[in-house]
Structures are given as structure tokens and as C-alpha cells.
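Descriptive structure summary
Spelled out, the chains give:
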Amino acid sequence: DIGSSAPSGAVSGSSPLEQPSMHAEPPSDSPSIRPPFEGYVFCYGDSLTAGLNEPNSGNHTPYGPSLEEALTGEYPDPLNRFDTNAVDYRGVPGWTAVQLVEVWNRTKLGLGYFLDTAPREFVDVVIIMVGTNDVRNMDEPDATYIFEHVRALHEESLLHPKVKRTLAVEIPGGAYRSNNPTRDAAALAVNEMLLEFASVNPRVHHTPFPFPYEQDGPNWSSDRLHFSVEGNRVLGVALAPVVRKIVEEEDS
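The notes below deal with the structure included here. (Residues numbered from 1 in each chain as written. Predicted model: local features only at pLDDT ≥ 70, side-chain atom pairs only at ≥ 80, totals over all residues. Heavy atoms only, no water.)

This part covers the packing of aromatic side chains. Applying the stated rule across the entire model yields 11 aromatic pairs. Arranged with centres 5.8 Å apart and planes meeting at 25 degrees, the rings of Phe 82 and Phe 114 form a pair that is stacked. One end of the pair, Phe 82, is in the loop between helix H2 (63-72) and strand E2 (87-91); the other, Phe 114, is in helix H4 (residues 111-116), and 32 residues separate them in sequence. Owing to a relative accessible area of 8%, Phe 114 belongs among the buried residues under this scheme. Relative to Phe 211, the ring of Phe 209 lies with its centre 4.8 Å away and its plane at 70 degrees, an arrangement referred to as edge-to-face. Neither Phe 209 nor Phe 211 differs from the other in exposure class; each is buried. The positively charged end of Arg 81 is found above the aromatic ring belonging to Tyr 89, 3.8 Å away from the centroid. For Lys 164, the ring lying beneath its charged end belongs to Phe 122, and the centroid distance is 5.1 Å. (Phe/Tyr/Trp six-rings, centres within 6.5 Å; stacked < 30°, edge-to-face > 60°. Helix = DSSP H or I, 4+ residues; strand = E, 2+ residues; numbered from the N terminus. Buried < 20%, exposed > 50% of the residue type's maximum accessible area, 1.4 Å probe, protein only. Lys NZ or Arg CZ within 6 Å of the ring centre and 35° of its normal.)

Structure follows, in C-alpha cells:
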């Protein structure tokens, strides 16, 4: 299960992103020659965003801090979360997109709550990576139903006065997908719908998940569902150029 208080989630093969490498090197353009990153990013999702690693370990290494380091050149101080960090994050372990829509304004759970209390005047990019638990927990996953709830999180975010853009990250891979063609087909269908949704909404951006599922690969934990410490680092580094480009386009 994808965390602590409900179902779980991650998935098999999505198209890889153009990124540093499967095992990610630091961005090649040195922070000293890049313009400083002055945006603010909020990452939202389930335990894949919370950074849960090995099952029952209680260890969390979210991709958010690695994303901030790749954007700014400095690894953030965890004590500055929801204060001065450039990237904040909240993952709700075990929850589905359907459930996350239902708790939009719930204190310390709902995305609406975090947007209301965000420490900046604007949120340049809201990164939403959900849907894994929906696919994983349905015997016969309904891709359209799942997509409608993922879309609702984006649409509600964009109605919030602080939010400029959203970024839809595709449902990742995992053993539960690679071992189940029905679930894999549903995840692929949701990902296709996300791409189409972004293509007709200028404030919604889309990115494939940056690395494929590899049984016993370095980016995956032993449960073959969550990301390893390295996998979360790779994810953060891979998303950085995508986020930077969105923010730069906003400012141009």
C-alpha cells in the first residue's frame, strides 16, 4: 500500500522524459551561470510525493528537496518548509485522486488548504502526481473516472487566485502494472488523457514520468511500488528543467 492510511500506488512503463539520465546526474548548466530561480513550486500527491521509501520503515525522502536543489543550487533546510523554501510539498499516503478531490479544503490534507496557506503571494507551478492508488485499488480501473478526478485537482488549482500554472506528471510504473495488463492499460489511458488535457489548456503542462519501472532497479524500493532514495533524487533532478522552463515562459 502506498503509505500509511489508505490504499497504495505507483505504476509500470510510461514514456521516458528527456532528462539527464535514468540515474540522473546534476544539471550540466552550473547554477553560477544560470539566472537565479525565483519561483515558488508546490508538489502534491500521495506517498510517491511524500517520499515513502521502504515499506514499514517510516523513512521519507521526497523528491521536492532534490527539485529545489536542482533549481537553486542549494539543498533546502527542512526547517524552512512552508516558510522560505522555493519548493514545498505534501503527499497523503494511500489516498486516491478521488479522495483528494473530496478533501480539497481539509486542514493539512487538501490541496486547497495548502494553497490558501502558501507562504508566497503566488504559486508559480503546482505539480500534481496522482492516480496510482486509483488504478491499483480498482479491480476494473475506469480510466475516464480516474482522469476526471485528476483533472478536477488541476482545474480547482487554476481557479485559486495564487496559482499560475499546473504540471501534470504521468502515473509512474511499478510491479502492479507490469504484472497486470488491465491496470497497465488503465494507467496508459489516464496518461494519454492527461496529455490531451494539457494540449488544450495553456495553463496546464504535462510531462511523462522520467524513468521506467525496473524490477530491482536502483530507482525503486523493495516493494516495487515506491521510489528509492536515489529514485526520488532522480525524479527531482529530472523535473527541474521542466519547471524552470514553465516559470521562464511565465516571466517572458
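With that settled, the discussion passes to helix H6 (residues 143-159). An ideal rise of 1.5 Å per residue puts 24 Å on 17 residues; H6 measures up with 24 Å between its terminal C-alpha atoms. For H6, the full list of buried residues reads Ala 143, Ile 146, Phe 147, His 149, Val 150, Ala 152, Leu 153, His 154, Ser 157 and Leu 158. For H6, the N-terminal capping position is held by Asp 142, with its side-chain oxygen 3.2 Å away from the main-chain nitrogen of Thr 144. (Expected span 1.5 Å × (residues − 1). Polar contact = N/O pair within 3.5 Å; in protein donor to acceptor, adjacent residues only side chain to side chain.)

Turning our eyes to something else, we now look at the environment of Ala 186. Its place among the elements puts Ala 186 in helix H8 (residues 181-199). C-alpha of Ala 186 to C-alpha of Thr 144: the two residues are 42 residues apart in sequence and 8.8 Å apart in space. Ignoring sequence-local partners within four residues, the contact set of Ala 186 consists of Val 135, Pro 141 and Ala 143. (Contact = heavy atoms within 4.5 Å.)

Between its first and last C-alpha atoms helix H9 (residues 229-251) spans 33 Å; for 23 residues at 1.5 Å apiece the expected length is 33 Å, and the two agree. The largest bend along H9 reaches roughly 30 degrees and is located at Ala 240, with the proline Pro 241 sitting one to four residues downstream. (Bend = angle between axes of the 7 residues up to and from the residue.)

Here Thr 132 shows up in helix H5 (residues 132-137). For the pair Thr 132 and Ala 97, spaced 35 residues apart in sequence, the C-alpha to C-alpha distance is 8.4 Å.

This part is about the pairing of E2. Put simply, side chains in a regular strand alternate between the two faces of the sheet. Most of E2 sits inside the fold, with four of its five residues counted as buried. Note that strand E1 (residues 41-45) and E2 share five bridges and pair parallel. Bridging across to E2, Phe 42 finds its partner in Asp 88. (Pairing = 2+ DSSP bridges.)

Before going further, it helps to examine unusual backbone geometry. Working note: non-glycine residues mostly have negative phi, and peptide bonds are mostly trans. Unlike most non-glycine residues, Asp 216 shows phi in positive territory, near 65 degrees. Relative to the elements of secondary structure, Asp 216 occurs in the loop between strand E5 (204-207) and H9. Since its relative accessible area comes to 62%, Asp 216 is described here as exposed.

Each pair of packed helices can be summarised by the angle the axes make with each other and by the distance between the axes. Orientation of H2 relative to H9, taken along the N-to-C sense of each, is 50 degrees, at an axis distance of 7 Å. As the angle between them shows, H2 and H9 are arranged oblique. Relative to H9, the crossing made by H2 is right-handed. Here Tyr 63, Ser 66, Leu 67, Ala 70 and Leu 71 of H2 come into contact with H9, specifically with Asn 232, Arg 233, Leu 235, Gly 236, Val 237, Leu 239, Ala 240, Val 243 and Arg 244. (Axes fitted to C-alpha atoms, helices over the stretch in contact; angles between N-to-C directions. Parallel < 35°, antiparallel > 145°, perpendicular 65-115°, else oblique. Left-handed = near helix turned anticlockwise from the far one by under 90°.)

A separate point is the packing of H6 against H8. At a minimum axis separation of 9 Å, H6 and H8 run at an interaxial angle of 40 degrees. Of the possible angle classes, the one that applies to H6 and H8 is oblique. Note on packing geometry: the crossing formed by H6 with H8 is right-handed. Here Ala 143, Thr 144, Ile 146, Phe 147, Val 150, Arg 151, His 154 and Glu 155 of H6 come into contact with H8, specifically with Ala 186, Ala 189, Val 190, Met 193, Leu 194 and Phe 197. Considering only residue class, the contact of H6 with H8 consists of 10 nonpolar, two polar and two charged. (Nonpolar A, V, L, I, M, F, W, Y, C, P; charged D, E, K, R; others polar.)

A few words on the sheet that holds E1. Taking strand neighbours across the sheet as the criterion, the five strands line up as E2-E1-E3-E4-E5 in an open arrangement whose pairing is parallel. Unpaired on one side and paired on the other, E2 and E5 mark the two borders of the sheet. Ignoring strand direction, the axes of neighbouring strands in this sheet form an average angle of 20 degrees. Bridge count for strand E3 (residues 123-129) against strand E4 (residues 163-169) is five bridges, and the pairing is parallel. Bridged to Val 123 within E4 is Val 163.

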